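Structural features, examined
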Amino acid sequence: PNQKRQSAQRRQRKLRQTPLLQKAMPISSCPRQPHLRRRLAQMNKIPVCYCGNKRIFGGIFMSVLSILQKCKEPLEIILLTMDLSEKNPAFLPFTEEQRLLLEDTLKEYHPESSARIIDVTELQHRDFDNAKNQKNAYTPYASIRLFLDELDVPEKLIYLDADIMCPGNIKELYEVDVENYESE
């Protein structure tokens, strides 16, 4: 326990030395900059992203429950979705009721956890409506993750498919240093 506490204290000191935190202000003092407020609040959460539609919510819910069984840190669940019901009546986005159910469950485990929905319908139409390979074995939801770099999401997050169950603490995966793995 003492080593864990010392390790956590070292990480907190290191975090305080980062340029963003040196200039950071309390969350409550950012009333006109909600994106900054959200960024500051997210700093201590493990962001986990899923993509899909209303029909696969059950799988995502089970996946999140498997994470909650082992992870004691707050989570930010990001649900990327879109409404393509004009192409297929089954292609409906996640609902606010589903988000609330997920968030209420998250808060039972850790009160700082949250869930949010990001609708990428417009981006999908912009980039894929005239694409040549629209008729394939995959639903359009398989391409949603391609929009992550255009969205207001943390730079580092864990992306999971709806059918992934986590047998261990996802924090260990999140803490893997991936700083030098992407070339520019």
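Being a predicted model, the structure only gives us computed values, none of them experimental.

Once that is clear, we can look at the nonpolar core. Counting residues in each nonpolar core, the largest one holds 22 residues, and the members touching the most others are Tyr50, Ile67, Leu75, Ile77, Leu102 and Ile170. Every element with two or more residues in this core is listed here: strand E1 (46–51), helix H4 (57–70), strand E2 (75–81) and helix H5 (96–109). The dominant element in this core, judged by the number of residues it contributes, is H4, at six residues. The next biggest cluster of nonpolar side chains, apart from the first, holds 17 residues, and it includes Cys49, Cys51, Met82 and Phe147.

So, on to the pairing of strand E3 (residues 114–119). Judged from the six bridges that link them, E2 and E3 form a sheet pairing that is parallel. Across the sheet, Glu76 pairs through a bridge with Ser114, a residue of E3. Crossover handedness for the path E2 to H5 to E3: right-handed.

Let's shift gears to the pairing of E2. Most of E2 sits out of view: seven of its seven residues are buried. Because side chains alternate across E2, one face comprises the buried residues Leu75, Ile77, Leu79 and Thr81, and the other comprises Glu76, Ile78 and Leu80, equally buried. Note: E1 against E2, six bridges, orientation parallel. Its bridge partner being in E2, Tyr50 is matched across the sheet by Leu79.

Topologically, Glu155 is positioned in the loop between helix H6 (121–128) and strand E4 (158–159). By relative accessible area, which is 85% here, Glu155 ends up exposed. With 108 residues separating them along the chain, Glu155 and Pro47 place their C-alpha atoms 9.6 Å apart.

Counted under the stated rule, the structure contains four aromatic pairs. Here Phe57 and Phe61 contribute two aromatic rings whose centre-to-centre distance is 5.9 Å and whose plane-to-plane angle is 40°, an arrangement assigned as tilted. Of this pair, Phe57 and Phe61 both sit in helix H4, separated by four residues, roughly a single helical turn. Each of the two residues, Phe57 as well as Phe61, counts as buried. The interplanar angle of 80° and the centroid separation of 5.4 Å between the aromatic rings of Phe91 and Tyr141 together place this pair among those described as edge-to-face.

A low pLDDT means the predicted coordinates there should not be read in detail. Counting all residues, the mean pLDDT for the chain is 81, and 72% of those residues have values of 70 or more. Predicted confidence is poor over residues 15–32, with pLDDT under 50, and the contacts of this stretch with residues over four places away or in other chains come to 18 contacts.

Time to look at the sheet that holds E1. The strand order E3-E2-E1-E4 describes an open sheet built from four strands, whose pairing is parallel. Looking at the sheet topology across the chains shown, the edges are occupied by E3 and E4. Sheet strands in contact with H4 are E1 and E2, and its direction is about 160° off that of E1.

Looking now at the packing of H4 against H5. At a minimum axis separation of 11 Å, H4 and H5 run at an interaxial angle of 10°. Classified by the angle their axes make, H4 and H5 are roughly parallel. Mapping the contact onto sequence places Phe57, Phe61, Val64, Leu65, Leu68 and Gln69 in H4 and Gln98, Leu101, Leu102, Thr105, Leu106 and Tyr109 in H5.

With that settled, consider the side chain of Ser63. Looking at where Ser63 falls in the secondary structure, it is placed in helix H4. The buried category is assigned to Ser63, whose relative accessible area is 0%. Side-chain polar atoms of Ser63 contact the backbone oxygen of Ile164, separated by 2.6 Å. Not counting chain neighbours up to four residues away, the residues in contact with Ser63 comprise Tyr50, Leu160, Asp161, Ala162, Ile164 and Met165.

Rules of the game
Residues numbered from 1 in each chain as written. Predicted model: local features only at pLDDT ≥ 70, side-chain atom pairs only at ≥ 80, totals over all residues. Heavy atoms only, no water. Core = buried A, V, L, I, M, F, W, Y, C linked by side-chain atoms within 4.5 Å. Buried < 20%, exposed > 50% of the residue type's maximum accessible area, 1.4 Å probe, protein only. Helix = DSSP H or I, 4+ residues; strand = E, 2+ residues; numbered from the N terminus. Pairing = 2+ DSSP bridges. Right-handed = clockwise from strand over helix to strand, strands pointing away. Phe/Tyr/Trp six-rings, centres within 6.5 Å; stacked < 30°, edge-to-face > 60°. pLDDT = per-residue confidence, 0-100. Contact = heavy atoms within 4.5 Å. Axes fitted to C-alpha atoms, helices over the stretch in contact; angles between N-to-C directions. Parallel < 35°, antiparallel > 145°, perpendicular 65-115°, else oblique. Polar contact = N/O pair within 3.5 Å; in protein donor to acceptor, adjacent residues only side chain to side chain.

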